[in-house]
Amino acid sequence: MSQTDPLVEGDRLMTICNSCRYCEGFCAVFPAMERRLQFSEADLNYLANLCHNCSECFYACQYAPPHEFAVNVPKVLAEIRVKSYEKYSWPVFIRGAWVFSALAIVFTALALVLTPRTSGGDFYAAVPHGVMVGIFGAMGLLVLIAWGIGLARFWTEDRTGRWLRFSEFSKALKDVLTLANLSSHGAGCTYPNERHSQARRVFHHFAFYGFLLCFASTSVAAAYDNFFGWKAPYAYLSLPVVLGTLGGIGIIVGPLGLLALRMRRDGRIVDPAQDGMDLSFIGLLLASGITGLALLALRGTAAMSSLLAIHLAVVLALFVTLPFGKFVHGIYRSAALLRNASEQRDSDQRKNSREG
Amino acid sequence: MTDSYDEEEYWTDLLRVTGGQTDEHLARIAIRSTPESMVWMKRQGARFQPALGGTLHLGRTNAFFLGGGKALMNAYYQAACRRGIQILYNAEVMALAMRGGKFESATALVNGVPAELRAKAVVFASGGFEANIEWLKEAWGEAAENFLIRGTPFNTGRVLKLLLDGGAEQVGDPKQCHAVAIDARAPKFDGGIVTRLDCLPLGIVVNREGVRFYDEGEDLWPKRYAIWGRLVAEQPGQIAWSIIDSKVTGRFIPSVFPAIRANSIRELAVELGLPANQVESTVQHFNASVRAGNFDHNVLDDCRTEGLTPPKSHWAQAIDTPPFLAYPLRPGITFTYLSVQVRESARMVMQEGKLSPNMFAAGELMAGNILGKGYLAGFGMTIGTVYGRIAGKGAARVADGSAG
């Protein structure tokens, strides 16, 4: 199966699924499939990004191997998905883990060499404020531009779109924030094995909301600094530290849980070529969380400047890789959920006008 | 599900499709126990979903499993495992030891190794014999070579035969089965649901001679789809073709195999290898006898033919809009009706009408008690679930000594 073009295989599978339809109620992928009779590359890329790889359809499928039709939707959509990342992402998409590891190591080494040894909790004595803001500000801008280009490439591949409504944004946002498509109507998804479990959704929530809390912590700290003139370090019970601590716990617990599930997952439903991008993203998140909490705990000690250097280097590596690593799954999946919300509305309207 | 489907209507439908070849007492138990069975199924982890997109007329009479039958079985197996029940896979019963209508033991090959399995009570749920082409040929003759089997190739009827040879009372005709017309390009075994064709009532069906042979619009499709397997089986070469035009594409669930297309009826007939003149004349006659009406695929509409034999009673529209499309049809056997006889306790009836003290039957193995012929969509699941539960409860009581 791996020799065939995943798009050709995807077209074959969707044709089989579209004449069965028993998986219709599992997730958004199958109703979206039923709205189509043919499956172009744009259609398959959209369906692949809509798929959350929960695998219920694989365990339910009477055509799964050893049946001669050999239907394996989650695996083939995973293969299509990673190819779509390569197609959309700007300037490049990188599957392998080595670039990520190399970046993290080089940044760390540079940071350690360049950072003067200080202690006593004054971060800016170690790394000047302007340097921090300059590097991360510039990187942030580049990341936003790269995401924008990728998103535009995804969105314009299917040219049937129209202006979106607010209700469609809110529906898609709800799907993103609740991971509705990993919940299977409350039963949970079939990961890491065929028994239903909410574990993956819960750990993903830890990672996702942990990431958001860390981002919120940094934003609040920036506001404190720039608008109020309150300089870091902040007290343990201050807003930036509380947010950062909770976020740090999130991006440690989430990735650790996801790693533990990965180790027990069913090899039949995954595309092993994605291990590099998955593990490097999980690894950088985890390293950001651990170094951040370590810095918080030891900020009053002599280790502060080194820890700050390592933490900033790891976060920078994570930051730099946001547009061309696993993180982009969130961008394209959110966009696919938005397109799904808009399509759903159109087909509901057609149904209503037929009945009325 | 939408609207109610009560016992009387259900029973009337069953009486009509079986032509009276049923057992009212057993049938009414199955019908009446449906609501509580649904509750029980949900307790075991079964999940349901609304009628599937594109299915016709099924919303009122049928419940759909979320994920289909295999998802249901996964839920049942998981429920059994949670209760500590051991399941032997790759195991086939080869022989049964019975004495005076009482089960003593079974000899099974478990992973190829013979093992003797003894039990105080047993529920046989071993299916029919539809995958046993030789046995089908005993009933159907050489025509059976052209049948496609919609399910597993392992349904060879070995246990059914062992039971009948061992003194179980037989019920049903070996020729009767649930047979639908499926896409002739389907695999010999296990093609399952994706080979179904729902477009028959939307067009005409012709045989190898290019001639129509049955009213394609006789009744709503869920009440008629299961007669078409038999109808095609009775045609020369056990093959037929559904012919539609592009007015009706998109009105039925697409088949997994592409339609054969052409821009004229003549070209289509040539493509299909059918006598072109005859097919053209069949379509012309059909088109000429169509009486205008308000086409509505969802009800028994007033689009019908006049002066045509056989008539098309509903959904008759001229086949006049190219491209023209065709799907080849073969009989697809879902399951056979030849069964062991049971009473309402699901206990098996042995020779001279004696009830077995510890042998129960469930599912397809006993469905012929209720389905003498014909079929109602979903009724096999109803019988399987209701009598599976009855048989299980009965066997448990025998095994723990609370029943005689």
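These numbers come from a predicted model, not from an experiment.

**Topic: the overall build of chain B**
Okay, step 1: Helix and strand counts for chain B come out as 12 helices and 18 strands.
Okay, step 2: By the compact-globule yardstick of 22 Å for 404 residues, chain B fits well, its C-alpha radius of gyration being 23 Å.
Okay, step 3: Each principal axis of the C-alpha distribution contributes one length, and for chain B these read about 70 × 45 × 40 Å.
Okay, step 4: For chain B, buried positions account for 45% of its 404 residues.
Okay, step 5: Long-range pairs, those at least 24 residues apart, make up 71% of the contacts in chain B between residues at least 6 apart in sequence.

**Some words on the domain arrangement of chain B**
Residue and element names in this part refer to chain B.
Okay, step 1: Splitting chain B by domain gives domain 1 (7-32 + 88-176 + 337-399) and domain 2 (179-332).
Okay, step 2: Facing 15 residues of domain 1, the contacting portion of domain 2 comprises 16 residues.
Okay, step 3: Of all the secondary structure elements, the ones that give two or more residues to the side of domain 1 that touches domain 2 are helix 1 (7-18) and strand 7 (148-149).
Okay, step 4: Classifying every residue of the side of domain 1 that touches domain 2 by side-chain character gives nine nonpolar, four polar and two charged.

**Topic: the sheet that holds strand 18 (residues 355-361) of chain B**
Residues and elements named next belong to chain B.
Okay, step 1: Pairing is mixed in the open sheet, where three strands are placed in the order 6-18-17. Of all the strands in the sheet, just strand 6 (122-124) and strand 17 (347-349) have a single pairing partner and so form its edges. The mean angle between the axes of side-by-side strands here comes to 55 degrees, regardless of whether they run parallel or antiparallel.
Okay, step 2: Judged from the three bridges that link them, strand 6 and strand 18 form a sheet pairing that is parallel.

**Details of the nonpolar core**
One recurring pattern in soluble globular proteins is that nonpolar side chains are buried together.
Residue and element names in this part refer to chain B.
Okay, step 1: Counting 100 residues, the largest nonpolar core has Ala 181, Trp 241, Met 348, Phe 360, Ala 361, Ala 362 and Ala 391 as the members making the most contacts within it.
Okay, step 2: A total of eight residues in this core trace back to one element, the largest contributor, which is helix 12 (residues 379-399).
Okay, step 3: The two domains that each donate at least three residues to this core are domain 1 (7-32 + 88-176 + 337-399) and domain 2 (179-332).
Okay, step 4: Leave out the neighbours within four places in its chain, and Ala 361 touches Phe 124, Val 340, Val 342, Ala 346, Met 348, Met 366 and Ala 391.

**A closer look at the interface of chain A and chain B**
Okay, step 1: On the side of chain B, 21 residues touch chain A, which itself brings 23 residues to the contact.
Okay, step 2: Listing elements by their share of the side of chain A that touches chain B, those giving two or more residues are helix 1 (6-18) and helix 4 (56-60) of chain A.

**What about the domain arrangement of chain A?**
All names here are of chain A.
Okay, step 1: Per the domain assignment, the segments of chain A are domain 1 (6-85) and domain 2 (87-344).
Okay, step 2: Taken together, the contact between domain 1 and domain 2 spans 25 residues of the former and 28 residues of the latter.
Okay, step 3: When contributions to the side of domain 1 that touches domain 2 are tallied by element, the ones reaching two or more residues are helix 3 (41-50), helix 4 and helix 5 (73-88).
Okay, step 4: Split by residue class, the side of domain 1 that touches domain 2 holds 14 nonpolar, six polar and five charged.

**Some points on unusual backbone geometry**
Okay, step 1: Look at the link from Pro 65 of chain A to Pro 66 of chain A: it is a cis peptide, with omega at 15 degrees.
Okay, step 2: Omega for the peptide link from Trp 90 of chain A to Pro 91 of chain A comes to 0 degrees, which places this bond in the cis form.
Okay, step 3: With respect to the helices and strands, the residue Pro 91 of chain A is situated in the loop between helix 5 and helix 6 (98-114).
Okay, step 4: We note that Leu 179 of chain A has phi near 50 degrees; this positive angle belongs to a residue other than glycine.
Okay, step 5: Look at Leu 179 of chain A and you get partly exposed, because 19 C-beta atoms sit within 10 Å.
Okay, step 6: Positive phi, close to 65 degrees, is recorded for Asp 190 of chain B, a residue that is not glycine.
Okay, step 7: Structurally, Asp 190 of chain B is set in the loop between strand 9 (177-183) and strand 10 (204-207).
Okay, step 8: Residue class for Asp 190 of chain B comes out buried when judged on the 20 C-beta atoms lying within 10 Å of it.

**What about the sheet that holds strand 5 (residues 113-118) of chain B?**
Residues and elements named next belong to chain B.
Okay, step 1: Strand order in this open sheet of three strands is 3-4-5, and the pairing throughout is antiparallel. Unpaired on one side and paired on the other, strand 3 (91-99) and strand 5 mark the two borders of the sheet. Adjacent strand axes in the sheet meet at a mean angle of 25 degrees, parallel and antiparallel pairs treated alike.
Okay, step 2: Here strand 3 pairs with strand 4 (residues 102-110) via eight bridges, running antiparallel. Residue pairing across strands places Arg 99 opposite Lys 102, the latter belonging to strand 4.

**Here's the deal with helix 9 (residues 265-272) of chain B**
Count 3.6 residues to each turn of an α-helix, and residues three or four apart come out pointing the same way.
Residues and elements named next belong to chain B.
Okay, step 1: The complete set of buried residues in helix 9 reads Ile 265, Leu 268, Ala 269 and Leu 272. Looking straight down helix 9, one finds that the buried residues subtend no more than 100 degrees of arc, so they occupy a single side.
Okay, step 2: Taken from the residues just after helix 9, Gly 273 is the one with a positive phi, measuring 75 degrees.

**Re the pairing of strand 4 of chain B**
All names here are of chain B.
Okay, step 1: Counted along the chain from strand 3 to the antiparallel partner strand 4, the turn is two residues long, and its residue Gly 100 has a positive phi close to 55 degrees.
Okay, step 2: Where strand 4 and strand 5 come together, six bridges link them in antiparallel fashion. Looking at strand 5, one finds that Ala 106 is bridged to Leu 117.
Okay, step 3: With antiparallel pairing between neighbouring strands as the criterion, strand 4 and strand 5 make up a hairpin whose turn holds two residues, including Asn 111 at a positive phi of roughly 50 degrees.

**As for the packing of helix 3 of chain A against helix 5 of chain A**
Residue and element names in this part refer to chain A.
Okay, step 1: As a packed pair, helix 3 and helix 5 sit with axes 8 Å apart at the nearest point and diverge in direction by 110 degrees. Taken as axis vectors, helix 3 and helix 5 run roughly perpendicular relative to one another. Only Leu 77, Ile 80, Arg 81 and Ser 84 of helix 5 make contact with helix 3, whose side of the interface consists of Leu 44, Asn 45, Leu 47, Ala 48 and Asn 49.
Okay, step 2: Tallied by class, the residues present in the contact of helix 3 with helix 5 amount to five nonpolar, three polar and one charged.

**Some words on the environment of Ala 186 of chain B**
Residues and elements named next belong to chain B.
Okay, step 1: Tracing the chain through its elements places Ala 186 in the loop between strand 9 and strand 10.
Okay, step 2: Distance from Ala 186 to Gly 332, taken between C-alpha atoms, is 9.0 Å for residues 146 residues apart in sequence.
Okay, step 3: If we skip the residues at most four places from it in the chain, Ala 186 touches Leu 148, Gly 191, Thr 195 and Gly 332.

**Let's talk about the packing of helix 6 of chain A against helix 13 (residues 304-321) of chain A**
The packing of two helices is summarised by the inter-axis angle and the distance between the axes.
Residue and element names in this part refer to chain A.
Okay, step 1: At a closest axis distance of 8 Å, the pairing of helix 6 and helix 13 adopts a crossing angle of 145 degrees. The crossing of helix 6 and helix 13 is right-handed. Here Phe 100, Leu 103, Ala 104, Phe 107, Thr 108, Ala 111 and Leu 112 of helix 6 come into contact with helix 13, specifically with Ser 306, Ala 309, Ile 310, Leu 312, Ala 313, Val 314, Leu 316, Ala 317, Val 320 and Thr 321.
Okay, step 2: Here the residues of the contact of helix 6 with helix 13 are counted per class, giving 14 nonpolar, three polar and no charged.

Rules and cut-offs
Here the residue numbers are simple positions, counted from 1 along each chain's written sequence. Following the order in which they are written, the chains are lettered starting with A and the ligands numbered starting with 1. pLDDT decides what is reported in this predicted model: residues at 70 or higher carry local features, side-chain atom pairs at 80 or more are listed and counted, and totals for whole chains, interfaces and linings draw on all residues regardless. Runs of H or I in DSSP of at least four residues are treated as helices and runs of E of at least two as strands, each being numbered from the N terminus. Only C-alpha atoms enter the radius of gyration, while the globule expectation follows 2.2 Å times N to the 0.38, with N the number of residues. Exposure is read from a count of other C-beta atoms within 10 Å of each residue's own; the residue is exposed at 12 or fewer, buried at 20 or more and partly exposed in between. C-beta atoms are placed from the backbone. We call two residues in contact when their backbone-placed C-beta atoms lie within 7 Å. All the domain ranges listed were derived from an automatic or database domain assignment. The residue classification treats Ala, Val, Leu, Ile, Met, Phe, Trp, Tyr, Cys and Pro as nonpolar and Asp, Glu, Lys and Arg as charged. All others, Gly included, are polar. If DSSP finds at least two bridges between two strands, the strands pair. Interaxial angle, 0 to 180 degrees, is taken between N-to-C directions of lines fitted to C-alpha atoms, where a helix line uses only the stretch in contact. Nonpolar cores are identified as sets of buried Ala, Val, Leu, Ile, Met, Phe, Trp, Tyr and Cys residues joined via C-beta atoms within 7 Å. In this description, one arc is meant: the one made by directions from the helix axis to the C-beta atoms. Just so you know how the angles are binned, under 35 degrees is roughly parallel, over 145 roughly antiparallel, 65 to 115 roughly perpendicular, and the rest oblique. If you view the pair so one helix is near and one far, a crossing is left-handed when the near helix is turned anticlockwise from the far one by less than a right angle, and right-handed when it is turned clockwise.

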